[in-house]
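In case you want the letters, here they are:
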Amino acid sequence: MSNLSASISNEQILDAYRTMRTARHMSDIFEENAKLTSKYVHACSNGHEAIQVASGRLLKKQDWLSCYYRDDSILLSMGMKPYELMLQLFAKKDDPFSGGRTYYSHPSLNRDDLAKIPHQSSATGMQTIPAAGVAMGLQFRESQGLDSWDKGEAPVVMCSIGDAATTEGEVSEAMYMSALKKMPIVWLIQDNEWDISAHASEIRFGDAATMAAGFPPIEMHKVDGTDLVACMELMEEVFDTVRTERRPFLIHAKVPLLGHHTSGVRREFYRDDLEEARERDPLPRIEKLLIDGGIVAQKELDEISAQLRKQVEKEFAQARDADEPVFADLLDHKYAPTDIVEEKGERHPESGEMTLMVDCALHAMQELMSEHPESLLYGQDVGKRLGGVFREAATLGDKFGDRRVFNTPIQEAFIIGSTVGMSCVGLKPIVEVQFADYIWPGLNQLFTELSRSYLLSNGQWPVHSLIRVPIGAYGSGGPYHSSSVESVLSNIRGIKVVYPSNGADLKGLIKAAFHDPNPVVMLEHKGLYWSKIPGTEEAKCIEPSEDYIIPLGKARTVLEVSPTDEAQCSIITYGRGVYWAIEAAKKFNGLVEIIDLRSIIPIDMDAIAKSITKTNRCLVLTEEPIENSFGLSLSGRIASECFESLDAAPHNLGSISLPAIPLNSEMEAAILPSAEKVAAKIEDLLRF
Ligand SMILES: Cc1ncc(C[n+]2csc(CCOP(=O)(O)OP(=O)(O)O)c2C)c(N)n1
Ligand SMILES: [Mg+2]
């Protein structure tokens, strides 16, 4: 008997072979039972098994994995059972990743005894940013003394991607940051030269190694992904190095795609290279090595294979017959529960000082960061040199240092998406998008990754993420620094959206958002930050006490009316709308009640209904244009839920519906609502 490798034992190689063979049996059985298994789509690792097993077997319980739909051999080799994977194939209740909510080989795992896997979406390449977030989080914990590891036992993050997925823009952001920060991460690129039907020859030049050359701090290696021994040797060396040297690697593995793209997209439709691909099958290759090396005889190999097949068949039948999920369990997983359910602390403490809205937020951040070493702030220009373009983070960099308050490159996707990984490692990231107009590049991560993690991981991975976003039109901000975006955000289910109108609310809501285990977008009107707009002086107010906190989803009555014989109305609004409403209401003494929603999702329908029950009329007022908006949907909801209290259809007022706010100051003013426009609406409404 010869040794197949100088550094890896024959037994380990044989073990890896067993996992590869198990994976192949699984995919064969899935094909043979296509009638059953095609109910839900699946993809398998045929052809990719060697590099996957060589990598997955190294994942220890302290490690982190992000992977994609073709990685079932990684999952098996890290310790998952075929039965567990097949529970997901059939979307069953006990599917350990998602409880039947998402497809085969889309893992999420938060178990003590195995490597952790944050929620994995289907969006190709998008897992790279949360994965880099995990690596950045581990690095942060190490730098702050929040974690320490035995020598050589530090956690590694491995992120696996298909070759076509690496061309996605967000993959570049993730790799760029891993290089910039020298993160402890292994990027594993499985290059089978196929997208779905688009071939590498049409859609790329070079390969992932060409790309990695643009990020010099990433050490790159190429390997024949069908050569099990070479893959095992390389991956072991890479993992050992990352555990001690804490720096990024990229492994480019060439592999053949032997199976179908997915169960739905069949190889016969378009592949012209199948014969050549079959010649590169990693299984016969390792079998020949094992036999030629005298490790096992053909007969023994046949027995091993037959035994594994029998076991997989048995587990397949068990998974097929397992219980279906319970629908009601699904409804529990829209949001992770929060402890903040009551307003607490002093809103107007005796010793409180009049404080600008922007400083109320700053003080809230200071208080939180002093108390919570696991919190940190990052975004564009928030570092100590400037402290935010609105000076909203001024002093924080000096107080808490560059590790806890730092500038990022201009990468909104990374800023938002990395909070998933940060949150998974137990941190409390607070991030900033410089202007609401620039949230769009980050919206994909918000929708694809943050908002669905809790639901699709069956509650395993709630995402704490506090995203502060200056918003709104003021002082000729022009078309790219003035937009309202709340309607788009309010269409993303699974996040919360908050929009305070004054300093006390902003402070209390930042505290609640910080303690909320769900993603929260905090929209902060930049015109209210310093109360520079005439009529918005009340945004500056007495600063609440340090322990002041306001639950998300509770409105505030700004102006209350008592019932009279005259017609009355309620204005339902938020943000700057509150000040247009206050100004307009002055003309209608005792007739206009004003409700400041403070939070857009969740929304306080009780407060709205209570006010309308009293006044019988309502105007929904927003800075955003009304067409297809959150405001319009709210008035529809009011019309149906409060129908019996209403004497008139709910009215709406917002900006004029145009693609952008113009730069010219008079045009800016003309496009926005105003106290006069609100007063005209009130007059109209009170006629009914
Ligand atoms: C963002 C996004 N765009 C498109 C798709 C549809 N899609 C699913 S798989 C795939 C091809 C991915 O190819 P590659 O990354 O090379 O992985 P392979 O399947 O070859 O292993 C595409 C385009 C998707 N899932 N996500
Ligand atoms: Mg591919």
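Quick summary incoming for the structure in this document. (Residues numbered from 1 in each chain as written. Chains lettered and ligands numbered in written order. Predicted model: local features only at pLDDT ≥ 70, side-chain atom pairs only at ≥ 80, totals over all residues.)

## Thoughts on the sheet that holds strand β19 (residues 651–653)
Note the cut-off: For two strands to be treated as a pair, DSSP must find no fewer than two bridges joining them. Only runs of H or I of at least four residues qualify as helices and only runs of E of at least two qualify as strands under DSSP, and these elements are numbered from the N terminus. Only the stretch in contact is used when a helix axis is fitted, and all axes are lines through C-alpha atoms; the angle between N-to-C directions ranges over 0 to 180 degrees. What counts as a contact here is a pair of residues whose C-beta atoms, placed from the backbone, lie within 7 Å.
Taken together, the five strands give an open sheet; going across it, the order is β14-β16-β15-β18-β19, and neighbouring strands pair in mixed fashion. Of all strands in the sheet, those bounded by a partner on one side alone are β14 (556–559) and β19. Averaged over neighbouring strand pairs, the angle between their axes works out to 25° when direction is ignored. Of the pairings in the sheet, the one linking β14 to strand β16 (residues 592–596) comprises three bridges and is antiparallel in character. Each bridged residue has a counterpart across the sheet, and for Leu559 the counterpart in β16 is Ile594. Each of β14, β15 (569–573), β16 and β18 (618–621) is contacted by helix α22 (residues 577–585), which is oriented at about 170° to β16, the strand it contacts most. The strands touched by helix α23 (residues 605–615) within the sheet are β15, β16 and β18, with β16 carrying the most contacts at an inclination of about 175°.

## A look at the sheet that holds strand β9 (residues 428–432)
Paired through backbone hydrogen bonds, the strands of a sheet run either parallel or antiparallel to each other. The sheet built from seven strands is open, its strands ordered β8-β7-β9-β10-β12-β11-β17 with mixed pairing. Looking along the sheet, the strands with just one partner apiece sit at the ends: β8 (405–407) and β17 (599–601). With direction set aside, neighbouring strand axes in the sheet form an average angle of 20°. With five bridges joining them, strand β7 (residues 375–379) and β9 adopt parallel strand pairing. Bridge assignment links Gly379 to a residue of β9, and that residue is Glu432.

## Side note on the site of ligand 1
Counted only if it meets this: All residues are tested the same way: a C-beta atom is placed from the backbone, and lying within 6 Å of a molecule or strand makes the residue near it. The classification used treats Ala, Val, Leu, Ile, Met, Phe, Trp, Tyr, Cys and Pro as nonpolar, Asp, Glu, Lys and Arg as charged, and all other residues, Gly among them, as polar.
Contacts to ligand 1 come from 15 residues, most closely from Ala123, Thr124, Gly162, Ala164 and Ala165. Looking at the shell around ligand 1 residue by residue, the classes come out as six nonpolar, six polar and three charged.

## Some remarks on the pairing of β9
Keep this limit in mind: Exposure in this text rests on C-beta crowding, where 20 or more other C-beta atoms within 10 Å of a residue's own make it buried, 12 or fewer make it exposed, and counts in between make it partly exposed. The C-beta atoms are placed from the backbone.
Among the five residues in β9, five count as buried, and that is most of the element. A two-sided burial pattern is seen for β9, the buried positions comprising Lys428, Ile430 and Glu432 on one face and Pro429 and Val431 on the other.

## Concerning the pairing of β15
Worth spelling out the cut-off: Seen with its strands pointing away from the viewer, a crossover is right-handed if its path from the first strand over the helix to the second goes clockwise.
Burial analysis of β15 places five of its five residues in the buried class, which makes it a mostly covered element. What you see with β15 is no split at all: Cys569, Ile571 and Thr573 on one side and Ser570 and Ile572 on the other are buried throughout. In terms of handedness, the path from β15 via α22 over to β16 forms a crossover that is right-handed. The pairing of β15 with β18 spans three bridges and is classified as parallel. Each residue of the ladder has a partner; that of Ser570, found in β18, is Cys618.

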